[in-house]
Amino acid sequence: MPPLAERLRPQTLDNYIGQKHLVGENAILRKMIESGHISSFILWGPPGVGKTTLAKIIANKLDRPFYTLSAVTSGVKDVREVIEKAKANRFFSQANPILFIDEIHRFSKSQQDSLLGAVENGTVTLIGATTENPSFEVITPLLSRCQVYVLKSLDKEDLLELAEYAIKTDIELKNRQIIFEETESLIRYSGGDARKLLNILELVANSETSEKVIFTNQIVTERLQQNPSAYDKDGEMHYDIISAFIKSIRGSDPDAAIYWLARMIAGGEDPKFIARRLVISAAEDIGLANPNALLLANACFDALQKIGWPEGRIILAEATVYLAASPKSNSAYLAIDEALALVERTGNLPIPLHLRNAPTKLMKELNYGTNYKYSHDFPNHFVEQQFLPDELTKTSIWKVQNSPAESKLGEWLRSLWKGRY
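Residues numbered from 1 in each chain as written. Predicted model: local features only at pLDDT ≥ 70, side-chain atom pairs only at ≥ 80, totals over all residues. Heavy atoms only, no water.

Student: Would you explain the overall build of the chain in this entry?
Tutor: Of regular secondary structure, the chain possesses 20 helices and seven strands. Computed over the C-alpha atoms, the radius of gyration of the chain is 29 Å, more than 25% above the 22 Å expected from 2.2 N^0.38 for a compact globule of 421 residues. Along the first, second and third principal axes, the C-alpha set of the chain runs to 80 × 55 × 40 Å. For the chain, the proportion of its 421 residues judged to be buried stands at 42%. Counting only contacts in the chain whose residues sit at least 6 apart along the sequence, the fraction spanning at least 24 positions is 70%. (Helix = DSSP H or I, 4+ residues; strand = E, 2+ residues; numbered from the N terminus. Rg over C-alpha atoms; globule rule 2.2 N^0.38 Å. Buried < 20%, exposed > 50% of the residue type's maximum accessible area, 1.4 Å probe, protein only. Contact = heavy atoms within 4.5 Å.)

Student: What is the right way to read helix H17 (residues 312–325) from this model?
Tutor: Between the first and last C-alpha of H17 there are 20 Å, a value that for 14 residues agrees with the 20 Å anticipated at 1.5 Å per step. Regarding H17, the residues found buried are Gly312, Ile315, Leu316, Ala319, Thr320, Leu323 and Ala324. Projected down its long axis, H17 carries its buried residues within an arc of 155°, all on one side. The exposed set on the far side of H17, more than 90 degrees from its buried face, consists of Ile314, Glu318 and Ala325. (Expected span 1.5 Å × (residues − 1). Arc of directions from axis to C-beta.)

Student: Is there a simple way to explain the sheet that holds strand S4 (residues 125–130) in this structure?
Tutor: Reading across the sheet, the five strands line up as S2-S3-S4-S1-S5 and stay open at both edges, with parallel pairing between neighbours. Sheet topology places strand S2 (66–70) and strand S5 (147–150) at the edges, where each strand pairs with a single neighbour. With direction set aside, neighbouring strand axes in the sheet form an average angle of 20°. Summarising the sheet, strand S1 (residues 41–44) and S4 pair through four bridges and their orientation is parallel. (Pairing = 2+ DSSP bridges. Axes fitted to C-alpha atoms, helices over the stretch in contact; angles between N-to-C directions.)

Student: Sorry if this is basic, but what is going on with the pattern of salt bridges here?
Tutor: Counted by the stated rule, this structure contains 13 salt bridges. Glutamate 120 is paired through a salt bridge with arginine 145; the nearest N and O atoms lie 2.8 Å apart. Taken together, the positions of glutamate 120 in helix H6 (residues 109–120) and arginine 145 in the loop between helix H8 (140–143) and S5 put the pair 25 residues apart, joining distant regions of the chain. The residue arginine 223 makes a salt bridge to glutamate 208 at a minimum N-O spacing of 2.8 Å. Placement of arginine 223 in helix H12 (residues 217–226) and of glutamate 208 in the loop between helix H11 (194–207) and strand S7 (212–215) is noted, with a sequence separation of 15 residues between them. (Salt bridge = Lys/Arg side-chain N within 4 Å of Asp/Glu carboxyl O.)

In structure tokens:
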């Protein structure tokens, strides 16, 4: 028997839960569907909010040929084959076939280029689905030919409505006595994802041998923890594991960091998400104690996009071990937060006249730029002068921390500024 999420996949908009801003009464997509005329568009939203379901409902409602491609498994050849089939179908139907591409952000530029002509001349009506911002992941010529509609995570009311619908209508669940005594954990672990909520419902129901199934926060948590494949790319465990990963790097434990990296890889985490967090960690936790860490983390991100998967795991591993083994400093992180708090407290303080730009005669007459000393004209490329606003001349923002590289910077600054740093 298919999983619960597949059994309950809506066939019509009347059974579609959520996204009222798109498919509710008088909403733009509903009006388009009811008119029978749709143009190419991209559905952008997190997993499990109904992107694929919505595309299938549209195809069923309009009674059009419907082709599906997954950007994970399809190449340019597959795209061209589908387009050829779509052209052939035009002999039997005046309506454009619909080509649905799941995870379109994973298509390479050449794959996306191969779609352009068919979309532009109307051979197919494209419906793309993506969890990533299409502005960054979809090529501009293709994006210009598509509307972008944003789908939102399901809210608490949507999820509870779906849970009640499931236990009342599903062929299996409706024969059980299911009681929701507590729903906080069910909602939290679902993370706004309909598929996830239905998977949790099914997991808990299948773990009970009696006809009576009671949902409490404790039971839901225990069942998920007992499930070895419970890693959840977008739910609470996702954030717990990435937290453990970053804290292990911050705590200089390469063994733990590489373990949590493996947990994420095994769980199907997006490699780019991991790489982004490594870049952040390099700046936030290692910082000036080893500035090369940021260079290596950024190189890791670039190389990962060039190499792809599965070899990309080696690149992530190298960066992870290097960052975990590096000396640590958060002085830059603390400094920018301190500076932002200072700006909030003091507002827009006047810029000293000698630091101001003076592109016009009037500005020069007002002494803009007057008395500024050009540092390179002085020994060691330094001359003492005021750079902070008058009210902050005695303020210290960046505090030197105790690491060899940063201490060396501090020594140099103290030799220049005599009494500061």
